[in-house]
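Reading the structure
If you want the building blocks of each chain, they are given just below.
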Amino acid sequence: MYTMGIDVGSASSKVVILEDGKRIVAAEVVQVGTGSSGPQRALEMAYKTSGLTREDMAAVVATGYGRFAFEDADKQISEISCHAKGIFYLVPTARTIIDIGGQDAKAIRLDSKGGVKQFFMNDKCAAGTGRFLDVMARVLETTVDKLAECDEKAEEAVPISSTCTVFAESEVISQLSKGVDRNSIIKGVHQSVASKACGLAFRGGLEDDVVMTGGVARNAGVVRAVARELKRNVIVAPQPQTTGALGAALFAYEEAKKMKKEGLE
Amino acid sequence: MSVTTEGMKAKELLAYYQAKADQDARDAKARGDLVCWSASVAPPEFCVTMGIAMVYPETHAAGIGAKKGALDMLEVADRKGYSIDCCSYGRVNMGYMELLKEQAITGKTPEVLANSPAAKVPLPDLVITCNNICNTLLKWYENLAVELDIPCIVIDVPFNHTMPIPEYAKSYIADQFRNAISQLEVICGRPFDYKKFQEVREQTQRSVYQWNRIAKMSHYKPSPLNCFDLFNYMALIVACRSLDYAEITFKKFADELEENLKAGVYAFKGAEKTRVTWEGIAVWPYLGHTFKSLKALGTIMTGSAYPGLWDLSYDAHDESLHSMAEAYTRIYINTCLENKVNVLLNIVNNGQCDGIVYHLNRSCKLMSFLNVETAEIIKEKTGLPYVQFDGDQTDPRNFAPAQFDTRVQALAEMMEANMAE
Ligand SMILES: Nc1ncnc2c1ncn2[C@@H]1O[C@H](COP(=O)(O)OP(=O)(O)OP(=O)(O)O)[C@@H](O)[C@H]1O
Ligand code: SF4
Ligand SMILES: [Mg+2]
């Protein structure tokens, strides 16, 4: 039996197809999110990789900001539950999840059965999110995928004190014009994102293992900064950008089994 | 108005008396009688005794917000220099006042005002405020008084850092009341009518009694009452509690709810799956959205702090006024964290709630700042899941529907997971 999870985020679209709730047969990411061609393209890629079609899917669950805009789903589930589900499946020892996406940063606390105990999300502000990094990468004349490399070469982290993305942008520009080392600024930017996300994690009470997920977990510079800030080891989820979609596919599997049982009765 | 209220349903009575209260104020103005603008939990008993017509800017602003007219008013206040960090009720009202003032001075109705869905209320001849729910209301009303060059009556109610309320606080507040009475005697140019005062206090108690009857109805499972309704009905407990308008309407509503309970008619069409307490003011410009989002999740609101906020029960025959003072100071947002937690716990328990939604309201600092701590303590005591969302009661720019939806959906999933256990 095949099931599908689609995570239509604010920054990217992710699709995971699962076989029997176990084997991942496709996990695709398109770097544009809700309101764009992203969801459709991610779907097509997943069908192509797996050689399957919509008819092969026993159930489809949508999550992420665009979950209600995606019409072809059997059910919509919040990304908090989906990330928790996906991460717990991949890392059963996970008790604290830090998910940093395009517009949201969240900390989720899990119980020993993988249930959501509590979660905290950033307020209505881009600080400490992927969007913040996207903006900074642009002024620093690089791309998000190269930030980690620069961070590694930095001698120090130049503190970025503004929380506001616009103010932080001008702070970075003024540091650059003062001739401050670019890599050190980047390390400072990562520090700033990490401290915001860790603030959320501390609120929920930390418990090991701490697992990072979301697109920003692909940035090793932020991961290192989070580990420094939390003073503990941080695990990066395998394929961190697709854990929400994986969780959705797992929920779809449960849904499909339920539908089958009801159908048989 | 020669309409008969006989046979009207509670909902119709609500609309009728709300409109009538505004009409009363306009009529008073036309006759040359006094109109007073009042803070929502300031005691109306003194002004009503003196036959002064009352207008409630917070309720008025809420109505403007709900009818999607807030932005126009906010922009007027923005231009006057009010920071967007100030309470949006205050800013909407300042905007409205500016437009009324312009109209009075120029004799022309400003276009924004003409096009506004705002209920028409007249400019005040005096204002009365009370800091028993926040201190914003002091500066806001002072500004009104200065801008319009009218008297401002302030009832100063100290914050209760410890409970129970000390005797000296009650006696201080009772003195504030007496001071307000002498101010009114000067403003009205005639002595205070103590006999009428007695009647007004008794009327207020009858209104509060009926209001409290409604509150009890959300205890039942399934519930005949969705507390979202209280967001609407509260208009009368605020604006007309010293008149029979409130008593008549609430009695009808409570009777209807009791009949519904007996007949097995519940607020949630289809089965209620989960029950929440909503802590904080409504998001007026998105009232429908927030209601529908919760409804789509099978979630009903059976806990709300509103009933308790206006549970102004006191001994109407206590001439020392200590009992009345006590009622006006024990408002839960005017008390220490410990008491606030206890009040909210009672609400959660009475509503048999499965979770709590906290509105972190950009406008209302006192309520919101305490809520972060309140939430942690209540979670510890009850183990119930909760969510907090960012919003604002009347500034639509400070609320994001999608963010609200994600949070409440996650809450519903957590509540359902708990129930499945
Ligand atoms: N290869 C990469 N290296 C580093 N960072 C990346 C990479 N790809 C994406 N990102 C970061 O991930 C962010 C997007 O994360 P993600 O895909 O989890 O967002 P989303 O789920 O769409 O957003 P949200 O959950 O907030 O709605 C981008 O803003 C970018 O900063
Ligand atoms: S700050 Fe809060 S309590 Fe004060 S007037 Fe505004 S909404 Fe009401
Ligand atoms: Mg996401």
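I will try to describe carefully the structure that is included in this document. (Residues numbered from 1 in each chain as written. Chains lettered and ligands numbered in written order. Predicted model: local features only at pLDDT ≥ 70, side-chain atom pairs only at ≥ 80, totals over all residues. Heavy atoms only, no water.)

1. What about the overall build of chain B?
When helices and strands are counted, chain B shows 17 helices and eight strands. The C-alpha atoms of chain B give 21 Å as radius of gyration, which agrees with the globular expectation for 421 residues (22 Å, within 12%). Buried positions account for 58% of the 421 residues belonging to chain B. In chain B, the share of contacts with a sequence separation of at least 24, taken over all contacts with a separation of at least 6, comes to 77%. For chain B, the accessible surface area stands at approximately 16,800 Å², while carbon and sulfur atoms represent 54% of it. A gap of 4 Å separates the mean positions of the 42 positive and 52 negative side-chain charges of chain B. (Helix = DSSP H or I, 4+ residues; strand = E, 2+ residues; numbered from the N terminus. Rg over C-alpha atoms; globule rule 2.2 N^0.38 Å. Buried < 20%, exposed > 50% of the residue type's maximum accessible area, 1.4 Å probe, protein only. Contact = heavy atoms within 4.5 Å. Areas by Shrake-Rupley, 256 points an atom, 1.4 Å probe, with all protein chains shown as cover. Lys, Arg positive; Asp, Glu negative; His and termini not counted. Charge placed at Lys NZ, Arg CZ, Asp CG, Glu CD.)

2. Side note on the interface of chain B and chain A
Tallying the contact residues gives 22 residues for chain B and 22 residues for chain A. Across the interface of chain B and chain A, roughly 1,700 Å² is buried in total on both sides, 45% from carbon and sulfur atoms. Its largest share of buried area at the contact with chain A, chain B owes to Thr406, Gln409 and Met414 of chain B, together 28% of the area lost on that side. Inspection of the region where chain B meets chain A yields one salt bridge. Across the salt bridge formed by Glu421 of chain B and Lys113 of chain A, the nearest N and O atoms sit 4.0 Å from each other. Where chain B packs against chain A, one counts eight residue pairs in polar contact (both at pLDDT 80 or more). (Buried area = accessible area lost by both parts, 1.4 Å probe. Salt bridge = Lys/Arg side-chain N within 4 Å of Asp/Glu carboxyl O. Polar contact = N/O pair within 3.5 Å; in protein donor to acceptor, adjacent residues only side chain to side chain.)

3. What about unusual backbone geometry?
Omega for the bond connecting Asp208 of chain A with Asp209 of chain A falls within 30 degrees of zero, at 0 degrees, which places this linkage in the cis form. Within the secondary structure layout, Asp209 of chain A lies in the loop between helix H6 (182-203) and strand E9 (210-213). In the segment running from Met163 of chain B into Pro164 of chain B, the intervening peptide bond is cis, with an omega of 0 degrees. With respect to the secondary-structure elements, Pro164 of chain B resides in the loop between strand E4 (152-155) and helix H8 (167-188).

4. Quick word on the packing of helix H3 (residues 130-139) of chain A against H6 of chain A
All names here are of chain A. One way to put it is that H3 packs onto H6 with a least axis distance of 10 Å and a crossing angle of 170 degrees. One element, H3, and the other, H6, form an angle in the roughly antiparallel class. Judged by the twist between their axes, the crossing of H3 over H6 is right-handed. Of H6, the residues touching H3 (which contributes Phe132, Leu133 and Met136) are Val189, His190, Ser192 and Val193. (Axes fitted to C-alpha atoms, helices over the stretch in contact; angles between N-to-C directions. Parallel < 35°, antiparallel > 145°, perpendicular 65-115°, else oblique. Left-handed = near helix turned anticlockwise from the far one by under 90°.)

5. Some thoughts on the site of ligand 2
Residue and element names in this part refer to chain B. In the vicinity of ligand 2, the residues found are Glu58, Cys87, Tyr89, Ile133, Cys134, Thr136, Leu137, Trp140, Ile281, Ser363, Cys364 and Gln393. Sort the elements by how many residues they give to the shell around ligand 2 and helix H7 (residues 136-148) lands first, with three residues. Along the lines of polarity and charge, the residues of the shell around ligand 2 split into eight nonpolar, three polar and one charged. (Near = heavy atom within 4 Å. Nonpolar A, V, L, I, M, F, W, Y, C, P; charged D, E, K, R; others polar.)

6. A closer look at the sheet that holds strand E4 (residues 57-63) of chain A
Residue and element names in this part refer to chain A. With mixed pairing, the five strands of this open sheet are ordered in space as E3-E2-E1-E4-E5. Looking at which strands have only one partner, the edges of the open sheet turn out to be strand E3 (23-30) and strand E5 (75-76). In this structure, strand E1 (residues 2-8) lies alongside strand E2 (residues 13-19), joined through seven bridges in antiparallel fashion. Bridge pairing in E2 places Thr3 opposite Leu18. (Pairing = 2+ DSSP bridges.)

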